[in-house]
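# Descriptive analysis of the structure
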Amino acid sequence: MTEPADGVLRPSDHADSAPPSGEDIASPRLGVVGWLRWGWRQLTSMRTALVLLLLLAIAAVPGSLVPQRSADPNGVTQYFTDNPDLAPVLENLSLFDVYTSPWFSAIYILLFISLIGCVLPRTKHHWKALRSQPPRTPARLARLDDHRDVVVPVPAGQDAETVAAAAVDTAAAQLRKSGYRVARYDGRGTFSVSAERGYLRETGNLVFHAALVGVLIAVGVGGGFTYTGQRVLVEGQAFTNSLLDYSSFNPGRFVDSNALAPYSMTLDRFDVSYIPPGQPGSGQAGDFAANVTTLTPDGQRQEGQVRVNHPLDVQGDRVYLLGNGYAPTVTIRNAQGEEVFHDSVAFLPQDANMTSLGVIKVADGMPEQLGLIGFFYPTMDTLTSGALTSTYGDLEYPVLTLRVYAGDLGIDDGTPRSVYTLDPTGMTQIAGGDSGTPALRLMPGETQDLPNGLGTITFENEAPAGATGYEGSVKRFASLSIHRDLAGPWVLGFATLATLGLLAALFVPRRRMWVKATPQGDSVRLEYAGLARGEDPTLAAAVDHVVERHRPSLPAPGDQSLPDTGKVD
Amino acid sequence: MPGTDPLLLDEISLLLVWTAVAIYVLAFIAYAIDLARRSDLAIKAKDEVVARELVTAGGGGVIDASPRSSASGATPARPRYLWARMGTALVALGFLFHLAATVLRGIAAERVPWSNMYEFALTGVLLVVAVYLVVLTRFDLRFLGSLISGLAVVLLGGATLAFHVDVVPLADPLKSVWLVIHVFVASLATALFALAFGLSVMQLLQARRERKLAVAAASPDAAAPRRSFLQTLPNADALESLAYRFAIVGFIFWTFTLIAGSIWANDAWGRFWGFDTKEVWTFVIWVLYAGYIHARATRGWRGTRSAWLSIIGFAAVLFNFTIVNVFFKGLHAYSGLTS
Ligand code: HEM
C-alpha cells in the first residue's frame, strides 16, 4: 500500500496502517500520563480487540459443559449430588454462573471499553472525512497496483491542453454520476480528478460497532424493567396479576411489584391431542392450547389462547405456556363424614406418557395431620415386575394410587414447603410400602375407606354428564409464565441496526479513483488508477470500467491502450 | 400427498440418499485422482508453454499461459482437468438424487425437511453441495471438490446411519415459521463456512509451499519443494481473499441465524437469550468468525493465523451440529433421537 490510511482512522496495528515507527517502540521513559496513554493505545489496538474476542469465545464454552443456574437450576443441584468433591471447586470459580461471573464480565467489559475507545475517535474522523474533499491526486499514479495507461493523439486543429482538460471534465462527470465524490486538481502541466466513494462502508462499520454497544446496554438496562412470574392454573381456576397470586416471581431491579397491570385470568379449558396408537409417532402429544378468559379492571372480558410458540398478549404482558398436566380432584372426609379436603391437585408429569406425581396435605380435621403421595396414570398398565406404568398420555384407563402418611406435616412452624413435595420423616406410613396396608387405588368416581377408620377418600369424576369413557374425567392444569419484557424490542432494534451496518461495512466497496491527463505535445497521456480502502475484490474491474466508459469520449484514431506492466492484478 | 404412505415415500427417499452418497464417493475418487495428476499436468503445460514461446520468440508475442495463478482466483488459461470435470459432473448428478431425496422426505413428512438431526444433515449437506456448484460457475474451485464431496459422503452417510428416524409429526415447539427460516439460513451459513474452511486449508498448504520455495530460491543447497497439485492453485494471498469473501457472506447469514433464533426463542420460551447450550455455541461461532474478520485486518495476524481461525470456526460449526446436538443437554432437544 503506497499511502497511509488517512481517510479512515484505524487502530495503529490495522493491516492497512503504516508500520509503527521505531520511536514508538523504543520510548525509554514514560510518565504516569505516558503510561496511561500507552495503556489506552494497547487496549484500543486491533490486537487487543482480537485477543479479547477470542478470549470471549473460549470463556463462553464452559457454560455449555457445566449446568448453569440461570438455565438449568435442577442440573446444578444434581451436579452437586453427583460430584460432591468437584462441585464446590467449580462453584468457587463461578462455573455454575459463567455468564455473570467476574471473569466473564471482565472480558466483555474490557472488550466493550476497547470498542468504544475505537469507535469514538473513528466517528470523529469519519465525520470530518465526510465533509472534506477527496485527497490530492498522487504524483505518481503508476505506483498503484491498479493502474491503466492510455495515450490518445490530439486531433488536428486542437491543442493538447484543451483535449486533456476536456477529457478530465468528462471523467469527473462520469465518476460523479457513478456515486463518487470528486475534486479537481489541475496544475503543473497536468489535469486530474480525484474521486472517492463508499463512505457508507465506514459508516456501516461504525454503526455496527456502536449498535453492539446498544445491544449490550439494552440487555443490561432493559433487564431491570423486566419481570417474569409463574403460575399453575387448573381448569376452572382464575388468578389475578398481583405478586400474591404468583407461585414464583422474578422482578428486575426497577420493577414496582405492587403496580402490576391489574387483570385476572381464568383457565377455561386446556386442549391437547394425542397421536393414536398404530400411527407414526403414536402417543406423541401436541396442539397444546390453554383457552383463557381475561378480565380487565374496566370490566372487559376477552377470550384468548396460549399456545406453544404463540404467547398471548395481555395488557402489555405476554403469557407463555410452560407446561401442562393432570390435576386429579380429590375429596377427603373424616370419620364423622365432614369434608376435610376438596381440591384439584396439580400432579407433575414424570414421563412422556404422563405418569404424574403429586402430593396432598390434610392439615386440619383429622386426629393427626395426613400426607398423601400419589401417582396418577392416565392409561394404567402393569409391568412384568408388577410396577404400574402409564402407556398413553390420554385418559383411557385413569388410575390414581396413593401412599398415606400420618403425623406432623411440618407446615405449622412457618418453614416454607413446596406444595409438590412431602417430607415423610417423622410421619408414620399407614398405607402403601411396608405399612402392611396396600396403597390406595382409585379410578374416577370411586370412593374408598382410609386406613385405620380415618374416613373416606373420593377421586371425583369431573366429566360432564353424559360423557363417554373417561374423556374429561380428570381436570388438566396449565403452567403459565407471565412476562413483561421492555428490553426485547430495543435489543431487536439494535441487532437489526447492527446487521444493516455489517452489510454496508462488508459489502460496500470503498475506493479512490483518479484520472489524470498530461499533455505531451501531439498526444495526451491518460492515467487511471484505483486504490482500495479495505477489502475490495472488484477494484481492478472497477478501474477497467472507468477506462471503458471514458474511452468513447476520447479522440478515436490510433489510440492504444497499454496494460500496466508492473503487476498482474 | 394424501393417500400415499409416508413410510413408503421415506423408504424411496432413503434409497435415493444412498444412491447420492454412492455417487459422491465416485466424485470424491475422481477429484482425488485429479489432484494426484495435477502436478504432472502443470509440468506438461509449462513445457508446452516454453516450447510455444520458443516457437513464437521471433514474433515477439507474449503468451500469458503460465500456470501461475491470478489474484482473482481463476487460473488464466485453464488446463483441461479431465478428472476434475468428471468429479464435478458426478457431484451434479449426486446432487440431483440428493435433492430428490430431500424433497421426497419433505413430502412424506408434509413439512419442511429440516426438523430433526437426520433432516438437518440431509438439507444442510444439500446446501453445501448446492453452494459449491453455484460457486463453480464463477470461480474454478474444483480443487476443493474432493474436500466437499468427502464432507458430503461423511456427513450424509454418517447422519443417515446414525440419525435416521421415521417421519413423525412435529412436536409443538417446532411448529413455527422460524423453524423454516432459522434452520435454513443456518445451513446456508454452514455451506459458506465450509467453502471458506476448504480454502483456508489450501491457503495453509500453499503458504507452506511458498515459504519453502522462497527458502529454495534463497539458498541453492536447500532442496526445492516437491511437485504437487498446489502448483496449479492460486497463491496463498488469493486463496485467503477468496476464503474471506465466503466467510463474510457466511458471517452475515450466521448473524441472521442468531437474531432469528432469538426471536423464535422469545416466542417459544419467553426469553430471547438464555445461554442454553445451543445458544452458547451459536454465539461462540459468531465470535470466532468476528475474530477471524478482525485477524485479517490486524497486522501480524493476517495470513496463516487468520486461516487457522477460519478452520477453528468451522470445526466449531461441525461440533455444534454433531456433538452439541446429540450429547449436550439443553432446550434444543430436537435431534429426534430420544423418546
Ligand atoms: C464486541 C466486539 C466486536 C465485534 C463483535 C466486532 C466485529 C467486527 C466485525 C464483524 C467487523 C467486520 C466489519 C468490517 O469489516 O467493517 C469488524 C471490523 C472492524 N472492527 Fe470490530 N468488533 C468488535 C470489537 C472491535 C474493537 C474493540 C475494535 C477496536 C480495536 C474493533 C475494530 C474494528 C475495525 C478497525 C474493523 C475494520 C476491519 C477492516 O477494515 O477490515 N472492533 N468488527
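Structural data are supplied above this passage.
Treat the numbers as computed from the prediction; the structure is a model and nothing was measured. (Residues numbered from 1 in each chain as written. Chains lettered and ligands numbered in written order. Predicted model: local features only at pLDDT ≥ 70, side-chain atom pairs only at ≥ 80, totals over all residues. Heavy atoms only, no water.)

## Here's the deal with the overall build of chain A
- Counting its secondary structure elements, chain A contains eleven helices and 27 strands.
- Here the C-alpha radius of gyration of chain A, 38 Å, is well above what a compact globule of 569 residues would show, namely 25 Å.
- Its C-alpha atoms give chain A principal-axis dimensions of roughly 125 × 65 × 55 Å.
- Considering chain A as a whole, with its 569 residues, one finds that 47% of them fall into the buried category.
- Put simply, 64% of the contacts in chain A that link residues at least 6 apart link residues at least 24 apart.
- Roughly 28300 Å² of accessible area belongs to chain A as shown, and the carbon and sulfur atoms make up 56% of that amount.
- Taking the average location of the 44 positive side-chain charges in chain A and that of its 59 negative ones, the two points are 17 Å from each other. (Helix = DSSP H or I, 4+ residues; strand = E, 2+ residues; numbered from the N terminus. Rg over C-alpha atoms; globule rule 2.2 N^0.38 Å. Buried < 20%, exposed > 50% of the residue type's maximum accessible area, 1.4 Å probe, protein only. Contact = heavy atoms within 4.5 Å. Areas by Shrake-Rupley, 256 points an atom, 1.4 Å probe, with all protein chains shown as cover. Lys, Arg positive; Asp, Glu negative; His and termini not counted. Charge placed at Lys NZ, Arg CZ, Asp CG, Glu CD.)

## Some points on the overall build of chain B
- In terms of regular secondary structure, chain B is built from eight helices and zero strands.
- Seen in sequence order, chain B has helices and strands lined up from the N terminus as α-α-α-α-α-α-α-α.
- The burial tally for chain B puts 57% of its 339 residues in the buried class.
- Surface summary for chain B: the accessible area is close to 14500 Å², and the carbon and sulfur share equals 69%.

## Thoughts on the pattern of salt bridges
- Under the defined criterion, the tally for this structure stands at 29 salt bridges over all chains.
- In this structure, a network of salt bridges that share partners links the residues E196, R510, R512 and R533 of chain A. (Salt bridge = Lys/Arg side-chain N within 4 Å of Asp/Glu carboxyl O.)

## Quick notes on the nonpolar core
- Counting 134 residues, the largest nonpolar core has L141, F143, L199 and F246 of chain B as the members making the most contacts within it.
- Filtering out sequence-adjacent residues up to four positions away, F246 of chain B remains in contact with V135, F139, L141, L192, L195, A196 and L199 of chain B. (Core = buried A, V, L, I, M, F, W, Y, C linked by side-chain atoms within 4.5 Å.)

## A word on the interface of chain B and chain A
- The interface is formed by 51 residues belonging to chain B together with 55 residues belonging to chain A.
- Both faces combined, the contact of chain B with chain A buries some 4500 Å², and carbon together with sulfur accounts for 67% of it.
- Here chain B and chain A share two salt bridges between them.
- For D287 of chain A, the salt bridge is made with K175 of chain B, and the minimal N-O distance between the two is 3.0 Å. (Buried area = accessible area lost by both parts, 1.4 Å probe.)

## So, the packing of aromatic side chains
All names here are of chain A.
- In total, this model carries 29 aromatic pairs over all chains according to the counting rule given.
- Between Y227 and F249 the ring centres are 5.3 Å apart and the planes differ by 40°, which places this aromatic pair in the tilted class. You can see Y227 sitting in strand β4 (residues 227-234) and its partner F249 sitting in strand β6 (residues 248-251), a full 22 residues away along the chain.
- Y227 sits in the buried class, given a relative accessible area of 3%.
- Arranged with centres 6.3 Å apart and planes meeting at 20°, the rings of F375 and Y377 form a pair that is stacked. (Phe/Tyr/Trp six-rings, centres within 6.5 Å; stacked < 30°, edge-to-face > 60°.)

## Thoughts on the packing of helix α8 (residues 160-177) of chain A against helix α11 (residues 539-550) of chain A
Residue and element names in this part refer to chain A.
- In contact at an axis separation of 10 Å, α8 and α11 are set at 125° when each is read in the N-to-C sense. Taken as axis vectors, α8 and α11 run oblique relative to one another. As for the relative orientation of α8 and α11, their crossing is right-handed in sense. Taking contact as the criterion, the partners of A167, T170, A171, Q174, L175 and K177 in α8 are, on α11, V546, R549 and H550. (Axes fitted to C-alpha atoms, helices over the stretch in contact; angles between N-to-C directions. Parallel < 35°, antiparallel > 145°, perpendicular 65-115°, else oblique. Left-handed = near helix turned anticlockwise from the far one by under 90°.)

## Structural notes on the sheet that holds strand β5 (residues 238-240) of chain A
Residues and elements named next belong to chain A.
- What the four strands build is an open sheet, ordered β5-β7-β8-β9; its pairing is antiparallel. Only two strands of the sheet have a single partner each, and these edge strands are β5 and β9 (301-307). With direction set aside, neighbouring strand axes in the sheet form an average angle of 30°. (Pairing = 2+ DSSP bridges.)

## Concerning helix α6 (residues 236-268) of chain B
Residues and elements named next belong to chain B.
- When the terminal C-alpha atoms of α6 are compared, their 46 Å separation across 33 residues agrees well with the 48 Å that a helix rising 1.5 Å per residue should span.
- Of all the 33 residues making up α6, 26 are buried; the element is thus mostly covered by neighbouring parts of the structure.
- Phi turns positive, to about 80°, at G270, one or two residues after α6. (Expected span 1.5 Å × (residues − 1).)

## Thoughts on the site of the ligand
- Around the ligand there are 26 residues in total, and H14, C118, N205 and H209 of chain A together with H294 of chain B lie nearest to it.
- Neighbouring residues of the ligand are not confined to one chain but are distributed across chains A and B.
- In the environment of the ligand, an oxygen atom lies 2.9 Å from a nitrogen or oxygen atom belonging to the side chain of H14 of chain A.
- Between the ligand and H294 of chain B there is a distance of 2.6 Å, counted from a nitrogen atom to a side-chain nitrogen or oxygen.
- Going through the elements one at a time, α3 (46-60), α7 (102-130), α9 (199-222) and α10 (487-507) of chain A together with α7 (277-297) of chain B are the ones with two or more residues in the shell around the ligand.
- Of all the elements, α7 of chain A adds the most residues to the shell around the ligand, at six residues. (Near = heavy atom within 4 Å. Polar contact = N/O pair within 3.5 Å; in protein donor to acceptor, adjacent residues only side chain to side chain.)

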